[in-house]
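One letter stands for each residue in the lines below.
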Amino acid sequence: MSSTVWRPLECFQEKSGMKTALVLLNQPNPYNKPFLTSLWKKALFRTSVDGGTNHLYDVFKDDLDAFLPDIITGDFDSIQDTVKKFYQDKGVEFVPTPDQDYTDFTKAIKEVGKRIHDKQIDCICVYGTFGGRLDHVFGNINTLFEADQFTSTNVLQFSDDTVAFLLQKGEHKIEVDPSVCGEWCGLIPVGGPCHCVTTQGLKWNLDKGALRFGELISTSNTLESKETNTVTVETDSPLLWIMGIST
Ligand SMILES: Cc1ncc(C[n+]2csc(CCOP(=O)(O)OP(=O)(O)O)c2C)c(N)n1
Ligand SMILES: O=c1ccn([C@@H]2O[C@H](COP(=O)(O)O)[C@@H](O)[C@H]2O)c(=O)[nH]1
């Protein structure tokens, strides 16, 4: 049985030993500068995706040269001309991903996967919204399902107040800090029913229980106590872990 340890909070903690890559998505709202700065500083490889580049340009407009991505991917229907020209003039590599059967996010993961496999990256952190257009939200979750076709590196998706990642069949240990992630969490069987789920460390645990839409999905759950620092989940099918964070 596969066993995976997740340390989501280390992705933005400067002193942790975690090695990350960063992918920046487009979103309706401006980027949160302090949150993005901590994700950026930790990352060893940085990608901005199409209109995400506009936000990158806007948020760091006072110090653009210090925040140049390694690559910019996308079908380039959202990046503004001035932004495109700025990064082209700086010599940033543009990687066109025109296929209209995959989202720009999925295609970005494919390009990142090709470029990080020799860098011993522990996880790919994605910064982008869970709000805004609902088709984008589902598309972003679908990318978490597609990602293992393109990379063996775990993918964690962050917005300013949420982290989400896909637990594949097997055992998972999720390291948490109740001062940062005590408010809420959930286990969502997005891809189909999970027939046998066992959890520890939650206020509402499951013991070989089933999760499926139309019956039970785990929302408005929370950590068992202020002392909880690990949640364990064993699942027979892919299951989306979602958790509120306050940084
Ligand atoms: C069945 C089906 N539905 C919809 C599409 C259209 N489609 C899927 S992914 C994609 C590209 C989306 O680009 P992206 O930059 O991720 O999103 P945007 O902001 O342009 O909507 C498109 C057009 C398709 N190819 N097949
Ligand atoms: O409102 C949004 C818009 C976009 N996304 C994600 O960003 C990429 C790139 O989007 P572009 O609009 O082409 O710049 C897209 O694939 C989505 O993953 C989003 O989440 N919300």
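Keep in mind it's a predicted model, so treat the numbers as computed, not measured.

Criteria and cut-off values
Residues numbered from 1 in each chain as written. Chains lettered and ligands numbered in written order. Predicted model: local features only at pLDDT ≥ 70, side-chain atom pairs only at ≥ 80, totals over all residues. Heavy atoms only, no water. Helix = DSSP H or I, 4+ residues; strand = E, 2+ residues; numbered from the N terminus. Rg over C-alpha atoms; globule rule 2.2 N^0.38 Å. Buried < 20%, exposed > 50% of the residue type's maximum accessible area, 1.4 Å probe, protein only. Contact = heavy atoms within 4.5 Å. Areas by Shrake-Rupley, 256 points an atom, 1.4 Å probe, with all protein chains shown as cover. Lys, Arg positive; Asp, Glu negative; His and termini not counted. Charge placed at Lys NZ, Arg CZ, Asp CG, Glu CD. 1 Å grid on protein atoms, 1.4 Å probe; cavity = no way out; pocket = protein on both sides within 12 Å on 5 of 7 lines; lining within 4 Å. Points joined across faces, edges and corners; volume = space filled by probe spheres on them. Polar contact = N/O pair within 3.5 Å; in protein donor to acceptor, adjacent residues only side chain to side chain. Near = heavy atom within 4 Å. Sits in = over half its atoms within 2 Å of the grid points. Nonpolar A, V, L, I, M, F, W, Y, C, P; charged D, E, K, R; others polar. Axes fitted to C-alpha atoms, helices over the stretch in contact; angles between N-to-C directions. Parallel < 35°, antiparallel > 145°, perpendicular 65-115°, else oblique. Left-handed = near helix turned anticlockwise from the far one by under 90°. Salt bridge = Lys/Arg side-chain N within 4 Å of Asp/Glu carboxyl O. Core = buried A, V, L, I, M, F, W, Y, C linked by side-chain atoms within 4.5 Å. Domains from an automatic or database assignment.

It is worth spelling out the overall build of the chain at this point. Along its length, the chain carries six helices and 15 strands. For a compact globule of 247 residues, the expected C-alpha radius of gyration is about 18 Å, and the chain comes in at 18 Å, within 12% of that figure. Counting across all 247 residues of the chain, residues that qualify as buried make up 52%. Partitioning the intrachain contacts of the chain with sequence separation of at least 6 by distance along the chain shows that 71% fall at a separation of at least 24. For the chain, the accessible area works out to roughly 11,900 Å², and carbon and sulfur atoms hold 48% of it. Positive and negative side-chain charges of the chain, numbering 23 and 34 respectively, have mean locations separated by a distance of 3 Å.

Once that is clear, we can look at the layout of surface pockets. Put simply, the largest pocket is a space of about 540 Å³. Of all the elements in the fold, those that place two or more residues in the lining of the largest pocket are α4 (104-116) and α5 (134-146). With four residues, α5 is the single largest residue contributor to the lining of the largest pocket.

For the rest of this paragraph, the subject is helix α1 (residues 33-42). Of the residues making up α1, those classed as buried are F35, L36, T37, L39, W40 and K42. Looking at the buried residues of α1, the elements they touch are β2 (20-24), β3 (43-49), α2 (52-59), β6 (123-127) and β7 (154-159). Two or three places before F35, at the start of α1, stands the capping residue N32, its side-chain oxygen 3.1 Å from that residue's backbone nitrogen.

The next thing to look at is the site of ligand 2. As a structural note, the neighbourhood of ligand 2 is formed by 15 residues, with N26, G51, S78, F105 and N140 the closest of them. Taking G51, its main chain carries an N or O atom lying 2.8 Å from an oxygen atom of ligand 2. Between ligand 2 and S78, the relevant distance is 3.2 Å, taken from an oxygen atom to a side-chain nitrogen or oxygen of the residue. The site holding ligand 2 turns out to be the largest pocket. Secondary-structure elements contributing two or more residues to the shell around ligand 2 are α4 and α5. Partitioned by chemical class, the residues of the shell around ligand 2 number four nonpolar, eight polar and three charged.

This paragraph deals with the packing of α4 against α5. For the pair α4 and α5, the least separation of the axes is 9 Å and the interaxial angle reads 30°. The orientation of α4 with respect to α5, classified from their angle, is roughly parallel. For the pair α4 and α5, the crossing hand works out as right-handed. Contacts between α4 and α5 involve F105, T106 and I109 from the former and N140, T143 and E146 from the latter. Broken down by class, the residue content of the contact of α4 with α5 amounts to two nonpolar, three polar and one charged.

The next thing to look at is the pattern of salt bridges. In the structure shown here, the tally under the stated rule is 10 salt bridges. Across the salt bridge formed by D65 and K90, the nearest N and O atoms sit 3.1 Å from each other. Separated by 25 residues along the polypeptide, D65 in the loop between α2 and β4 (71-74) and K90 in the loop between α3 (81-89) and β5 (93-96) bring together distant segments of the chain. Linking D104 and K107 is a salt bridge whose minimum nitrogen-to-oxygen distance equals 3.1 Å. Residue D104 and its partner K107 are located together in helix α4, separated by three residues, close to a single helical turn. One salt-bridge network, in which partners are shared between bridges, spans E93, E111, K114 and R115.

To continue, consider the nonpolar core. Ranked by size, the top nonpolar core spans 52 residues in total, and within it C11, L22, Y87, F158, I174, W241 and I245 carry the most contacts. The element best represented in this core is α1, accounting for four residues. Residue-level mapping places this core at the junction of two domains, with at least three residues from each of domain 1 (1-160) and domain 2 (161-247). Ignoring any residue separated from it by four or fewer positions in sequence, one finds F158 in contact with P8, C11, F12, F35, C125, V126, Y127, G128, F130, V163 and I245. Judged by nonpolar contacts, the second largest core, of 25 residues, contains A21, I121, V126 and I141.

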